[in-house]
Amino acid sequence: MESKRPQRFDEFGNVQGKFLYLDVYKAPFWDEKGDMIGTVGCARIVTKEKQLEKERKQAEDQLKASLKEKEVLLLEIHHRVKNSLQVVSSLLNMQARATSNKDTIEILSESRDRINTMALIHSQLYESQNLSAINMNGFMDKLLRQLFQSYPVSDTKITQVVHVADYPLPISIAVPVGLIVNELLANVFKHAFVNRKEGVIEISFIVSGKGVVSLTVSDDGVGLPEGFEINASKTLGLRVVKILAEEQLDGHLTVVSDKGTTFKVEFEMAEE
């Protein structure tokens, strides 16, 4: 049986007879005439700790480069999704202008507004420093302006009371929240202030310290019909609100009709 030679170690802890990592430095030197006559240099053994640190730094640089590349790619995705949704919105507009049927125009316009709400979310993400979450304060402000353009109510002076927490929401939650607000405000603009000279819309978005979100949309309009029951509602918009609130957000929806209408959705933020 062949005997193994015992391993020997140098003063740096490296096994002799194995590869060593060296830092080598060389420099030329010249004679009096300016001709190079040789080089002078030195070599320094790199300890294991220094080599590991060097490898760690290289891995860190590669990770940063990869992360930057993914951020650029994600930005491009949000930009393309936004553009695609805007194309769909334009097609729905064209289709609405091509018909004279009021019911068809209303259905196409409502679908367009839902598409525009989703496009707005991707636009906000594209313009944001944070690619994974959307700031609800800025989003709600733009959504309100967008809806006022879609539902002009020139005969009614509407006062907006908005209390929205400066809180970032991931896109998985921002989309259903945005669609809920879109549906509820569209319903207010269409029905709440008929034959009214003025009215008030209040939007509240609060996040507690325990991560419980409370979204409230209310108005001081004509209120809901007597005996209204959202579970029996045949209105697509309100059915969408119920599905998004209870199934997608796993929350609780409350509807109150007293001197106007109040819709309140409460749900818990999922832990990261």
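Look above for the structure.
Quick caveat: nothing in here was measured; it's all calculated off a predicted structure. (Residues numbered from 1 in each chain as written. Predicted model: local features only at pLDDT ≥ 70, side-chain atom pairs only at ≥ 80, totals over all residues. Heavy atoms only, no water.)

Let us look at the sheet that holds strand β4 (residues 157-164). Taken together, the 5 strands give an open sheet; going across it, the order is β4-β6-β7-β9-β8, and neighbouring strands pair in mixed fashion. Either end of the sheet is taken by a strand with one partner, and the two such strands are β4 and β8 (252-257). Within this sheet the neighbouring strands show an average axis-to-axis angle of 10°, counted without direction. Sheet topology note: the β8/strand β9 (residues 261-268) ladder contains 6 bridges and is antiparallel. (Pairing = 2+ DSSP bridges. Helix = DSSP H or I, 4+ residues; strand = E, 2+ residues; numbered from the N terminus. Axes fitted to C-alpha atoms, helices over the stretch in contact; angles between N-to-C directions.)

Another aspect to go through is the layout of surface pockets. By volume, the largest pocket amounts to about 500 Å³. Contributing to the lining of the largest pocket are 29 residues, with N187, K190, H191, T235 and L238 lying nearest its centre. The set of elements that each furnish at least two residues to the lining of the largest pocket consists of α2 (102-127), α4 (171-192), β7 (212-219), α5 (236-248) and β9. Sort the elements by how many residues they give to the lining of the largest pocket and α4 lands first, with 9 residues. For the lining of the largest pocket, a count of residues per class yields 14 nonpolar, 8 polar and 7 charged. (1 Å grid on protein atoms, 1.4 Å probe; cavity = no way out; pocket = protein on both sides within 12 Å on 5 of 7 lines; lining within 4 Å. Points joined across faces, edges and corners; volume = space filled by probe spheres on them. Nonpolar A, V, L, I, M, F, W, Y, C, P; charged D, E, K, R; others polar.)

The next point concerns the pairing of β7. Most of β7 is tucked away, with 7 of its 8 residues classed as buried. Two elements, strand β6 (residues 198-207) and β7, share 7 bridges in a ladder whose sense is antiparallel. Looking at the pairing, E202 lines up with S218 of β7. Here β6 folds back onto β7 in antiparallel fashion, the turn holding 4 residues, of which G211 has a positive phi close to 85°. Bridge count between β7 and β9: 8 bridges; the pairing is antiparallel. Opposite V212, over in β9, you have E268 as the bridge partner. (Buried < 20%, exposed > 50% of the residue type's maximum accessible area, 1.4 Å probe, protein only.)

Attention now moves to the nonpolar core. Ranked by size, the top nonpolar core spans 45 residues in total, and within it M136, L169, V177, L185 and F205 carry the most contacts. Looking at this core, the elements that each hand over two or more residues are α2, α3 (136-150), β4, α4, β6, β7, α5 and β9. Top contributing element to this core by residue count: α4, with 13 residues. The residues contacting V177, other than those within four sequence positions of it, are M136, L169, F205, L215, L249 and F267. L85, L92, A96 and A119 belong to the second-largest nonpolar core, a separate cluster that totals 6 residues. (Core = buried A, V, L, I, M, F, W, Y, C linked by side-chain atoms within 4.5 Å. Contact = heavy atoms within 4.5 Å.)

Remember that the coordinates give geometry; whether it matters functionally is a separate question.
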